[in-house]
Amino acid sequence: MGINTNGKKQLPNKQERHKLFGSVEPGKKTKPTDKEAMADLQNSQNNYLFDLDAVGISNVKYPVKVSSQLQPTTQSSIGEFSFSSSVAKDSKGTNMSRFTEQLHAYLIDGNFDVSLSNLKEFTKELAARLKRNDAFLEVTFPWFFERKGPASDLSGFNHADAYIRINYDKELGYDIITGITGTITTLCPCSKEISEYSAHNQRGKVSMEIGLADSFDENKIDWKQALLEAAESNASARIHPVLKRPDEKMVTEQAYENPRFVEDMVRLVAADLYEMEFVQAFHVVCQNEESIHLHDAIASITYDKSEE
Ligand SMILES: Nc1nc2c(ncn2[C@@H]2O[C@H](COP(=O)(O)OP(=O)(O)OP(=O)(O)O)[C@@H](O)[C@H]2O)c(=O)[nH]1
């Protein structure tokens, strides 16, 4: 290896560099390159001992379009998907390429629409494409919403993680779970009660998963906004991206006026969800990142209105 007149190293070209690091010339190739002539192992039929509940792909990141009743009413986000379907014991496997093939075919203007109507259509078509009677889809994505300072009215974006799970079965129809994980402030009631001054407070995560009532209409109700409001309106205070001093004074005092244990949070959120007609069943978890401990405080509640 030489040195250029300008004092820089004279590197071998890229092909030579690859050889230097072990690349070799292609060997003699005898297997078919025509798709029709290729072995199709995954479609082999035999007695493969067991039916499989789910075969598919996970950790698939794709751009998604999210609609909301809060600002911004339409946004682009990144969805992380899992897709699967059952495989009967007489088949060796599934046709994995068909999951992403269909996902890409559903893009409109570069985004996959994560509305429930689109996801329902997608799972039904996926089952048909896989020649199965069932298909499963799961997606999580950060959902952004505008939040204004309570006194200054200055805007910024907060986000919550939204979650949708759809099970399609040709005979049973759809089973749909939606949820969000939102972030709140909680101020400890015990700390407030026993201390001469102040009270410790923390950032809490409220995760809600709900089963939707048959009457639910996504064109009338934004389930994300409704769940976010259930978490935030019951917290000691909301979280804000932009706070000036008058805002900060307001949220500090509001938190002091509304102390909440982790147990209080899940019960109050449960009460709101109970009153929402479009919620059939719910699971609520609150996890507080304690500021006076290294550990978190947790509480959860599960409720199904059909079991009353
Ligand atoms: N079934 C199965 N396929 C896998 C797995 N891991 C990777 N694949 C890949 O999935 C790809 C094939 O997908 P298929 O959908 O069966 O491809 P194909 O038969 O050409 O597609 P169709 O024309 O739609 O039937 C291959 O590249 C496989 O190697 C696995 O664990 N199981």
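Residues numbered from 1 in each chain as written. Predicted model: local features only at pLDDT ≥ 70, side-chain atom pairs only at ≥ 80, totals over all residues. Heavy atoms only, no water.

Focus on the site of the ligand
(1) Moving on: Lining the immediate surroundings of the ligand are K35, D40, Q42, T94, N95, M96, S97 and R98.
(2) Moving on: Interatomic distance of 2.5 Å between a side-chain N/O atom of S97 and an oxygen atom of the ligand.
(3) Moving on: Separating an oxygen atom of the ligand from a side-chain N or O atom of R98 is a distance of 2.5 Å.
(4) Moving on: Burial of the ligand by the protein amounts to 52% of the accessible area it has alone, namely 650 Å².
(5) Moving on: When the residues that make up the shell around the ligand are grouped by side-chain class, the tally is one nonpolar, four polar and three charged. (Near = heavy atom within 4 Å. Polar contact = N/O pair within 3.5 Å; in protein donor to acceptor, adjacent residues only side chain to side chain. Areas by Shrake-Rupley, 256 points an atom, 1.4 Å probe, with all protein chains shown as cover. Nonpolar A, V, L, I, M, F, W, Y, C, P; charged D, E, K, R; others polar.)

Quick look at the state of the cysteines
(1) Moving on: One pass over the structure, following the stated rule, counts zero disulfides.
(2) Moving on: C190 supplies the cysteine sulfur nearest to C188, a cysteine that is in no disulfide, at a spacing of 5.1 Å.
(3) Moving on: You can call C188 buried: its relative accessible area is 10%. (Disulfide = S-S within 2.5 Å. Buried < 20%, exposed > 50% of the residue type's maximum accessible area, 1.4 Å probe, protein only.)

Structural notes on the side chain of D222
(1) Moving on: Summarising the element assignment, D222 is placed in the loop between β7 (201-212) and α5 (223-232).
(2) Moving on: Judged by relative accessible area, which is 6%, D222 ranks as buried.
(3) Moving on: A polar side-chain atom of D222 sits 2.8 Å from the main-chain amide nitrogen of Q69.
(4) Moving on: Those residues within four positions of D222 in sequence are excluded, and the remaining contacts are S68, Q69, L70 and W143. (Helix = DSSP H or I, 4+ residues; strand = E, 2+ residues; numbered from the N terminus. Contact = heavy atoms within 4.5 Å.)

Things to note about a nonpolar patch on the surface
(1) Moving on: A cluster of nonpolar side chains, contributed by L49, F50 and L52, occupies part of the molecular surface with about 350 Å² of accessible area.
(2) Moving on: Residue placement: F50 occurs in the loop between α1 (14-20) and β1 (52-67). (Patch = residues over 30% accessible without salt bridge, like charges linked within 9 Å, V, L, I, M, F, W, Y side chains within 5 Å. Salt bridge = Lys/Arg side-chain N within 4 Å of Asp/Glu carboxyl O.)

Examining the environment of F278
(1) Moving on: In this structure, F278 sits in the loop between α7 (262-275) and β8 (279-289).
(2) Moving on: Residues F278 and L212 lie 66 residues apart in sequence; the distance between their C-alpha atoms is 5.8 Å.

Observations regarding helix α6 (residues 245-257)
(1) Moving on: With 13 residues, α6 extends 18 Å between its outermost C-alpha atoms, agreeing within 8% with the 18 Å of an ideal straight helix rising 1.5 Å per residue.
(2) Moving on: Inspection of α6 places D247, V251 and A255 among the buried residues, and these make up the whole buried set. Buried residues along α6 cover an arc of 65° about the axis, so they all sit on one side. Projecting away from the buried face of α6 at angles above 90 degrees are the exposed residues R245, K249 and E257.
(3) Moving on: Its buried side turned inward, α6 meets β6 (173-187). (Expected span 1.5 Å × (residues − 1). Arc of directions from axis to C-beta.)

Focus: the pairing of β8
(1) Moving on: Pairing analysis gives ten bridges linking β7 to β8, with the strands arranged antiparallel. Residue M208 lies in a different strand from β8, and its bridge partner there is V284.
(2) Moving on: Hairpin geometry of β8 and strand β9 (residues 296-304) is characterised by an intervening segment of six residues between the two adjacent antiparallel strands. (Pairing = 2+ DSSP bridges.)

A short note on the UniProt feature "site: May be catalytically important" (unreviewed entry) in the chain
(1) Moving on: Mapped onto this structure's residue numbering, the UniProt feature "site: May be catalytically important" (unreviewed entry) falls at C188.
(2) Moving on: Within the secondary structure layout, C188 lies in the loop between β6 and α4 (189-194). (UniProt positions renumbered as here; feature names shortened; annotations may be inferred.)

What about the packing of aromatic side chains?
(1) Moving on: All chains considered together, the criterion is met by 13 aromatic pairs.
(2) Moving on: Consider the rings of Y168 and Y174, whose centres lie 5.1 Å apart with planes at 50°: the pair is tilted.
(3) Moving on: Accessibility expressed as a relative area gives 32% for Y174, which makes it partly exposed.
(4) Moving on: With 5.7 Å between their ring centres and 20° between their planes, F282 and Y303 make a pair best called stacked. Highlighted residues: F282 in strand β8 and Y303 in strand β9, separated in sequence by 21 residues.
(5) Moving on: Given a relative accessible area of 4%, F282 falls into the buried group.
(6) Moving on: The class of Y303 is partly exposed, set by a relative accessible area of 33%.
(7) Moving on: Three or more aromatic residues joined by ring pairs form one cluster here, namely F81, F83, F99, Y106, F112 and F122.
(8) Moving on: A cation over an aromatic ring shows up here: K224 above the ring of W223, its NZ or CZ 5.5 Å from the ring centre.
(9) Moving on: For the cation-ring pair, K305 lies above Y274, with the distance from its terminal atom to the ring centre recorded as 5.7 Å. (Phe/Tyr/Trp six-rings, centres within 6.5 Å; stacked < 30°, edge-to-face > 60°. Lys NZ or Arg CZ within 6 Å of the ring centre and 35° of its normal.)

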